[in-house]
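Examination of the molecular architecture
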Amino acid sequence: MTDSTPFGTRLRTALDTRGQLCVGIDPHASLLTAWGLDDDLAGLETFSRTVVEALADRVAVLKPQAAFFERFGSRGVAVLERSVAEARAAGALVVMDAKRGDIGSTMAAYAEAFLSPDSPLFSDALTVSPYLGFGSLQPAVDLAHANGCGLFALALTSNPEGHEVQRAVGADGRSVAQAVLARLAAENAGAEPLGSFGAVVGATLADAGADLAINGPLLAPGVGAQGATAADLPRVFGDQVRNVVPSVSRDVLKHGPSVEALRRAAQTFVDDVRAVTNR
Ligand SMILES: O=C(O)c1cc(=O)[nH]c(=O)n1[C@@H]1O[C@H](COP(=O)(O)O)[C@@H](O)[C@H]1O
């Protein structure tokens, strides 16, 4: 199923109608065990199908983490393909968390894999790493534009180690992260109601220390297991809080395998975010 409406437009509608939340599908071995499943292909399949069944018809964004599927080889990737297709069919926007980034000619192949409607892994958006230079991402930017998809570029990640690279200051006096954010803002210029080229900015940051007004979505992992809460969002994101997509994996997933409990956990996060954003 393709939809040439730009990702940013579709995301704005999803956030406004379903609430500001992304749930990550991260089938950790420890979660499979906690759900009473074996850490094998059948466990992976049951886990993913349950999360999609519980949440794809009500949560704005689902974000499968590709590595947890790839560790089972090609049959794990086949489970990922089915999960993406079923989640999209049920109305969720799917952000593939594969954090791709390479020289431009190879980046074109990564873009084909995730942002081409003919690909079995076709997703609404893809996480990308701009640390081979933002310009190396151009094939993905072009394909996203062509197919109504989005990208989320790692700007200020939720892990403490990210700072040594992302806060480094270049010759022009800007941090590396600020330079990435500026490129995203340029890509989103003039887009309404929201651009399709987002940044990843961890909710765990003490403060962003950068201009987040990129006219695009801000994917904010770190809520839940990494220690951030909805109450941190206004401090980190200021007047951009409306464009934040808080992302939670383990703190929702730990409530399975009960479909009802997964739904309640997700709804609690949506309500908590709504309370701090006054929306
Ligand atoms: O791109 C991401 O999604 C991401 C970026 C980042 O800065 N930090 C981060 O934790 N993530 C991902 O977000 C998810 C966080 O999972 P939980 O800590 O269980 O909520 C994992 O899949 C991470 O790979």
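Residues numbered from 1 in each chain as written. Predicted model: local features only at pLDDT ≥ 70, side-chain atom pairs only at ≥ 80, totals over all residues. Heavy atoms only, no water.

Worth spelling out the cut-off: UniProt positions are given in the numbering used here, feature names are shortened, and annotations may be inferred rather than shown by experiment.
Labelled according to an unreviewed UniProt entry, the chain appears under the name Orotidine 5'-phosphate decarboxylase, originating from Kitasatospora phosalacinea. Word for word, the UniProt comment on the chain under Catalytic activity (unreviewed entry) is "orotidine 5'-phosphate + H(+) = UMP + CO2". Regarding the chain, the UniProt comment filed under Pathway (unreviewed entry) reads as follows: "Pyrimidine metabolism; UMP biosynthesis via de novo pathway; UMP from orotate: step 2/2."

Brief notes about the side chain of Gln65
Selection rule: Counting from the N terminus, the helices are the DSSP runs of H or I reaching at least four residues and the strands are the DSSP runs of E reaching at least two. Accessible area is worked out with a 1.4 Å probe on protein chains only. A residue is then buried under 20% of its type maximum, exposed over 50%, and partly exposed in between. Any pair of N or O atoms that falls within 3.5 Å is considered a polar contact. Within protein, one atom must be able to donate a hydrogen and the other to accept it, and sequence-neighbouring residues count only if both atoms are side-chain atoms. Should any heavy atoms of two residues lie within 4.5 Å, those residues are considered in contact.
Here Gln65 shows up in the loop between strand E2 (61–64) and helix H4 (66–70). The exposure class assigned to Gln65 is buried, which follows from its relative accessible area of 12%. A distance of 3.1 Å separates polar atoms of two side chains, one belonging to Gln65 and the other to Asp97. Beyond its immediate sequence surroundings of up to four residues, Gln65 is in contact with Ile25, Asp26, Asp97 and Lys99.

Side note on the packing of helix H6 (residues 104–115) against helix H7 (residues 138–147)
For the record, the criterion: In this description, a line fitted to the C-alpha atoms serves as the axis of each element, helices being fitted only across the stretch in contact, and the angle between N-to-C directions of two axes falls anywhere from 0 to 180 degrees. To sort the angles, those under 35 degrees are grouped as roughly parallel, those over 145 as roughly antiparallel, those from 65 to 115 as roughly perpendicular, and the leftovers as oblique. Two helices crossing with the near one rotated counterclockwise from the far one by less than a right angle form a left-handed crossing, whereas a clockwise rotation gives a right-handed crossing. Any residue outside Ala, Val, Leu, Ile, Met, Phe, Trp, Tyr, Cys, Pro, Asp, Glu, Lys and Arg is labelled polar, Gly included; the first ten of those are nonpolar and the last four are charged.
Relative orientation of the contacting elements H6 and H7 amounts to 30 degrees, with a least axis distance of 8 Å. Here H7 runs roughly parallel to H6, going by the angle between their axes. Viewed along their axes, H6 and H7 form a crossing whose handedness is right-handed. Touching Gly104, Met107, Ala108, Ala111, Glu112 and Leu115 of H6 are Pro139, Ala140, Leu143, Ala144 and Asn147, all from H7. In terms of residue class, the contact of H6 with H7 is made up of 8 nonpolar, 2 polar and 1 charged.

Overview of the UniProt feature "domain: Orotidine 5'-phosphate decarboxylase" (unreviewed entry) in the chain
In the UniProt entry, the feature "domain: Orotidine 5'-phosphate decarboxylase" (unreviewed entry) is given for residues 20–265. Structurally, residues 20–265 comprises 40% helix and 17% strand, and the distance from its first C-alpha atom to its last is 14 Å.

A closer look at the state of the cysteines
How we decide: The disulfide definition used here is simple: a pair of cysteine sulfur atoms within 2.5 Å.
Under the definition given, this model contains 0 disulfides. Distance from the sulfur of Cys22, which forms no disulfide, to the nearest cysteine sulfur (Cys149) is 16 Å. The class for Cys149 is buried, based on a relative accessible area of 2%.

Some words on the UniProt feature "active site" (unreviewed entry) in the chain
Within this structure's numbering, the places UniProt gives as "active site" (unreviewed entry) are Lys99. Position of Lys99 relative to the elements: it lies in strand E3 (residues 93–100). Among all residues touching Lys99, those that are not within four sequence positions of it are Gln65, Thr127, Val128, Ser129 and Leu154. A distance of 2.9 Å separates a polar atom in the side chain of Lys99 from a polar atom in the side chain of Asp97.

Notes on the side chain of Ser247
Structurally, Ser247 can be placed in strand E8 (residues 244–248). Taking relative accessible area as the criterion, Ser247 reaches 4% and is therefore assigned buried. If sequence neighbours within four positions are ignored, Ser247 has contacts with Cys22, Lys63, Leu219, Ala220, Pro221, Gly222 and Val223.

Here we look at the site of the ligand
Stated formally: Consider each residue's heavy atoms; a residue with any of them within 4 Å of a molecule or strand counts as near. Here, Shrake-Rupley sampling with a 1.4 Å probe gives the accessible areas, and only protein chains in the shown set may cover a residue.
Near the ligand you find 16 residues, and of these Asp26, Lys63, Ser158, Gln226 and Arg250 are the closest. Here Lys99 contributes a side-chain N or O atom positioned 3.2 Å from an oxygen atom of the ligand. Ser249 is positioned such that a nitrogen or oxygen atom in its backbone is 2.9 Å from an oxygen atom of the ligand. Burial of the ligand by the surrounding chains reaches 89%, relative to a free accessible area of 510 Å².

Description of the sheet that holds strand E1 (residues 22–25)
Basically, it comes down to this: By definition, two strands form a pair when at least two bridges between them are found by DSSP.
The strand order around the closed barrel formed by 8 strands is E1-E2-E3-E4-E5-E6-E7-E8, and the pairing between neighbours is parallel. In this sheet, adjacent strand axes meet at a mean angle of 30 degrees when their direction is disregarded. Direction of pairing for strand E7 (residues 218–221) relative to E8: parallel, over a ladder of 4 bridges. Bridge pairing links Leu218 to Val244 in E8.

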